[in-house]
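Commentary on secondary and tertiary structure
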Amino acid sequence: MDTAVVAKDIKRTDLLQMYYYLRLTRTLEDRITALYRQGRIVGGVYTSNGMEAISVGYASALERDDIIAPFHRDMGAFLIRGITPGEVIAQYLGKRTGPTKGKDGNVHIGDLKRGVIGFVSHLADNLPVATGAALAFKLRGEARVVVTNTGDGGTSRGDFHEAMNFAAVRKLPVVFFCNNNQYAYSTPLRLQMAIHDVVDRAKAYGMPGEIVDGNDVAAVYLVARQAIQKARAGEGPTFIECKTMRMHGHSEHDSAKYVPRELLEEWKKKDPILKAEQMLTHLDYADEAAFREVGERVQKEVEAGVEFAEQSPLPEGPEVLEGVFADEHEVKP
Amino acid sequence: MTTTAAGREVTYLEAISEALDEEMSRDERVFLMGEDIGPYGGAFRITEGFQKKYGEWRVLDTPLAESGFVGAAIGAAMMGMRPVVEMQFADFISCAFDQITEVAATAHYRWGAAVPMVIRAPFGGGVHGGPFHSECPEGWFFHSPGLKLVAPSTPYDAKGLLKAAIRDPNPVIYFEHKFLYRRIKAVLPTEDYIIPIGKAEVKRAGTDISVITYGAMVHLALEAAEVLTKEGINLEVVDLRTLMPLDKETVFESVRKTSKAIMLHEDNKTGGIGAEIAALLAEECFDCLDGPILRIAAPDTPVPFSTPLEEFFLPKASDVLAAARKLASY
Amino acid sequence: MPTDVIMPQLGESIAEGTIVKWLIPPGGRVEKDQPLLEVETDKVSLEIPSPTAGVLTEVIVQAGQTVPVGTVIARLEGQVATGVVNRVSGVVVRPMEPSPTGEDHYSPAVRQLAKEHGVDLFQITGTGTGRRVTKKDVLDFLAKREPLGVRREALGETPSPRALPLTPHEEILPFTPMRKTIADRMVKSRQTSAHVVTFFEADFSGIGKIREAHGLTYLPFVINAVTRAIKDVPILNSSWGDQGIIVKKDIHIGIAVALEDGLLVPVVRSADRKSVTQLAKEVADLADRTRTKRLNPEEVQDGTFTITNHGGFGSLFSTPIISQPQVAILGVGAVQKRAVVVNEAIAIRPMGYLSLSFDHRVIDGATADRFMGKVKGYLEQSKWETLL
C-alpha cells in the first residue's frame, strides 16, 4: 500500500485503532489456541491467524448501525462490533455467559444488538441471509449496509451464486468479502475452482469486483470503505477478494502438512501485524515502545477475559430445553 | 383481487389471498417473495393484483433460487421485517431445506434471534401433478426443532392460520392444500380473526372412533363419517390444523372418549406424523385404548402420475370405511 | 455365564403365568431339575425344575406377579443349560385378532375400567372379535349394574363394594389365583346353565364285596356305570354350541379332587375304554399328582362329564355346579349302611345318594332321570367280576 495514500486517506487515530485490533485479535486467538492445547477447550478452534487484516479492515469501515454476516475467520470483526474477549472465551468454554449461553460453540457468535448475524457451519449459508438483511434496509429506506464474508471454498456453493445474483439484480446494499486464503481445509485453490482469481466471478453477476492485499489492513480498509459507501448510496453490491494465506491449519487440530513449507515461509514475511508496524513506523505514527505498550494492553485484556470466562458458570443440563421458540414479547407485534 | 364484502362466500384460495392482503395493509413490515408472484399473480393467482396495490418492492419476483430467497427472507426477518415466501410448489422447498433447518430453525435457540418468517407451501396431490408437484414434505420439517408447521383444511382456518403465522415471531411453514383451492367455499366473517397456532379442532363430534387428520384428508374423513353413521358407527374427526406444535390435549381428550384411533394423512406412511401421534397415544394414553391404533396413509413411494396409480396411492373413502368398520367391531 | 430362567409355556393356549412362590431363596444353590419355583395358570399349578445347576443370583419377577410366557424371571449363575429347554421365542405379541380364548384378552381401556369400578371381567360376555370383552361391554354391564345411569368413565375413586373397614374381629385372606379362578368359574357357570338337580339312591352292596376283595374305592365303579349310561343317553355328554348342541363321542370323565385351598379336576380320558382296575389306578395316580402339583396341563383339559365324590366327608346330597362347557355333573354322596325295604322285608344295605346337576337348556328332566336310572341299574346289577 502506498503510504502516501494511507497518510492522505486514513486518519492516524483510525490506523492506530486498527493496529490495536490486529494485536488484540492475534493475542486472543493465540491464547485460545494455548487453552486448547492445554485441553481446557473442547471442540474445534478456528483462528484467523495471518488473516486478521481482512476482518479488522472491513469492520473498521462500518458505521454503528451496519450489520456484519461473518464466517469463522472474522474474530477481528467480532471484537470491533463490541464482543469482548471474555465473551469469546466463555463461548469457547461453553459457559452460560457466552453469546449463545452454551448452545453453540467456538466462533458461532451472534448478537443482533451489536449487529452480528450468527452464522452456521454450512459455508455460504450466511450470504443469502446477508442479502436479506440488506433487502430489509432497502425496503425501509434505511442507509444501512451489510458486509458479509466467506472463504474461497464458500464460493463454490450454490448459496454464493444465489446470493450474489439476487443482490445484483435488486442492487442491494451488501458488500461481499472473500477471504481467499488458498486452502479450504486441505483442498488447494486449484481443486476448488478453475479460475485463479475469485473476483472474476463478480462480473458474471453484474457487480463490480476488487482484488486487495488481504494482509494490508490499510488497503483492505480503503477498499471496504469505498464499497460500503457505494452500497450506502444505493449503488448496489461489490465483491472484494482479499488475497491472503492461512497460516495455521483449517482448525487447531489440523497440522496442515499438505501446505508447502515454502509457501508459509513466504507469507510469514508478509504477516499483517508486521506489515502494519512497518507502515506505522514509516508514517511515524508509532514506534517500538508504542507497539510494546499495545502488546501489554491487549495481553491484560485477554487475561481478564480468560479469568472472566473461567469464573463463569456452565449451563445446566435442563437448559437444553429452553429457547427453541421466540416469545411474542421478543419482537414488536 | 378479492375485496372483502360482508358475509361473502370465498374459496379456500381466496381466503388465503384475503389473509395476505389484510396483513399487508395492516403491517408495512409484511412483504412477499416468490417466483412469478408479481405481475403474473402467482402460479395459482393468489397474489393477483397485489403488486399493483403494494408495489414491486413488497411483492418481489425472485430469481429461480429457493435457497437464496429463503435465506434472504431469513435475513430480512432478523432485521425486523415479516416476509412471506411463496414456494411455487411445496416440492421445491427441498432446495431451501438447508436454510430452513440449519439457519432459520436454530437461530433463536443458538443466539436469541427471532426469525418471523412465513413460507407458504402448496402441497398435496389429486391434481395429476406427478412426483414433483404433489408432495407432502411436512414430515421433514416436523422433525426439525425450531419450526412451526400449520395445515388448514377449511377457508375459515386458512385465513385465520395464515394471519397467525404472519404474526408469530417464529419461522412458520404454512402448508396449503392445492386440491382444496377452488373446491371448497365458506362464508367468512369480515372482522379480523386469527386461529391460534397449536390448537386442533374437533370438526365432527363422535363416540366410537377418533380419526386424527389434517389437510384435504379432513374432508375424506367427514365423508366417510356420513356413510358410517348409517351403520351405527359414529366417527369423531379431529383436525390437527397445527402439525407442530401438536395439540396433544385435544387428541388425547378425543381418544379417551372413544378409546379407538385412526391416523389419516396423505403423506407417506413410514415416519409420517401419524406415527408420532400413535406413539404418543401408546405412551401417554395407553389405558384409554380399546383397540390397536391404525394408520391410513399413502404407501412409501414417490407420488405417481398416471391416474389409476395416483388413485391407488392417495387414501380414499373405502380405506377409511374399511379401517373404521374393522376397528369398530374389534 | 448366567442362565436365564424363563416363564415356560404351560399349555398350548396359555400366554402367561403367575409365580406362586420361589422354592429357592435368592443366593441359594439349586441342582439341575430340582424344583425352583411354583407357577400357576388358570388351568394348572406346577413346580418348575431348574434348567441347570447353579446359584439363584437374580430374582427378577417376585411371587404373586403374573408375566407373559417367555419373560425372564430369574437368573442362575452356573453352567449353561444343555439339552432341551422349554423356551418360547421372544415376547408374546398380542395380535390384532385376539386368540380364540378371547375372553382372556383385555385391552388397557377395559382393564382400567374394570379396576376403577371393581368389575370382575370374567362375569362379562364379550361381543368383540373372538368374543373379546370390549369397553362398550364393560360400560353396558356397569349401566345395568348401576341402573341410575351412572356411566363412569372418568378416572377417579375406585368404588369398592368391599370397602368396609376391617374390625379387630376380621382377618383378610388374600386371593390366590386358584381361588379367583374358582370363584369366577362357579359364578359364570351358574349364569350360563339352567341348573336343575335330580336325586337318586343306589344300593352299593353288589359292588361292596368285589371292592373290598380288590382294595378299590367305589369311584371306579361309578365311573364305569356312568360311561355305560352315557352310551345309552348320549346327550348327557355334550355342549351348548353356536349352531346347536354338540354331542361328543369321546367320554373323558373329570374327577374333582379336593386340595387344601381349592380344587382341581383332572380328566380320565376315554374312560369308557378302561376296565375298573385301570380306572382305579388312573384315578389314584391323578389324585396323587394333583395333590402334589405334578399334573400336566393337558390333564385338566377336554373333560366331557364330571364326577364329584363329595361323600368323602359325610355329605349325603349335593347340588354341584356344572363344569363349563359340559352339561351335567354327578355328585356321589357318602355310602352308609341304611335300613331299606328289600323284597318286602327290612334289610341293611350300603346305600348312597347320587345327585345329578344338569343343564336344562339341553337336558329335560325325563332324560336326566332316564340316565340316572341307567346309572343306578348298572351300579346295582352289573356282574362286576367281568368288568374288572
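Here the focus is the pairing of strand β5 (residues 118–123) of chain B. Residue and element names in this part refer to chain B. A large share of β5 lies buried, amounting to six of its six residues. A two-sided burial pattern is seen for β5, the buried positions comprising V118, R120 and P122 on one face and I119, A121 and F123 on the other. Of the pairings in the sheet, the one linking strand β4 (residues 82–86) to β5 comprises three bridges and is parallel in character. The partner of V84 across the bridge, within β5, is V118. For the crossover that starts at β4, traverses helix α4 (residues 97–111) and ends in the parallel β5, the hand is right-handed.

Often, the extent of an interface is quoted as the loss of accessible area on bringing the components together. Listed by partner, the interface residues are 37 residues for chain A and 35 residues for chain B. Ranked by the residues each element gives to the side of chain A that touches chain B, the list is headed by helix α6 (residues 126–140) of chain A, at nine residues. Residue classes in the side of chain A that touches chain B are distributed as 19 nonpolar, 10 polar and eight charged.

Low pLDDT marks stretches whose predicted atomic positions should not be read closely. All names here are of chain C. On average, chain C scores 84 in pLDDT, and the residues at 70 or more come to 86%. Within chain C, strand β5 (residues 45–49) has the poorest average pLDDT of any element, 81, and strand β17 (residues 328–332) the best, 97. Low pLDDT, under 50, characterises residues 81–103; the predicted model gives this stretch 36 contacts beyond four residues in sequence or across chains. In this model residues 148–160 is a low-confidence stretch, pLDDT under 50, and it forms 11 contacts with partners more than four residues away in sequence or in other chains. Confidence estimates for the predicted assembly give a pTM of 0.67 and an ipTM of 0.88.

Here we take up the environment of S323(C). Residues and elements named next belong to chain C. Summarising the element assignment, S323 is placed in the loop between β16 (305–308) and β17. In this structure S323 comes out as buried when scored by C-beta crowding, with 20 C-beta atoms within 10 Å. Considering only alpha carbons, one finds S323 and M186, 137 residues apart in sequence, at a separation of 8.0 Å. Apart from the residues lying within four places of it in its own chain, the contact partners of S323 are G254, V265, G303, T306 and I329.

What follows is about the sheet that holds strand β13 (residues 261–268) of chain B. Two modes of strand pairing occur in sheets, parallel and antiparallel, and in both the strands are linked by backbone hydrogen bonds. All names here are of chain B. Reading across from one edge, β9-β11-β10-β13-β14 is the order of the five strands in this open sheet, with mixed pairing throughout. Every other strand in the sheet has two partners, leaving β9 (201–204) and β14 (294–298) as the edge strands with one partner each. Mean inter-strand twist for the sheet, computed between neighbouring axes without regard to direction, equals 25 degrees. Where β13 and β14 come together, four bridges link them in parallel fashion. Across the sheet, residue I262 finds its bridge partner in β14, namely L294. Here helix α9 (residues 273–284) sits on the sheet and contacts β10 (209–213), β13 and β14; the angle it forms with β13, its principal contact strand, is near 155 degrees.

The rules behind each value
- Residues numbered from 1 in each chain as written.
- Chains lettered and ligands numbered in written order.
- Predicted model: local features only at pLDDT ≥ 70, side-chain atom pairs only at ≥ 80, totals over all residues.
- Buried ≥ 20, exposed ≤ 12 C-beta atoms within 10 Å, placed from the backbone.
- Helix = DSSP H or I, 4+ residues; strand = E, 2+ residues; numbered from the N terminus.
- Pairing = 2+ DSSP bridges.
- Right-handed = clockwise from strand over helix to strand, strands pointing away.
- Contact = placed C-beta atoms within 7 Å.
- Nonpolar A, V, L, I, M, F, W, Y, C, P; charged D, E, K, R; others polar.
- pLDDT = per-residue confidence, 0-100.
- Axes fitted to C-alpha atoms, helices over the stretch in contact; angles between N-to-C directions.

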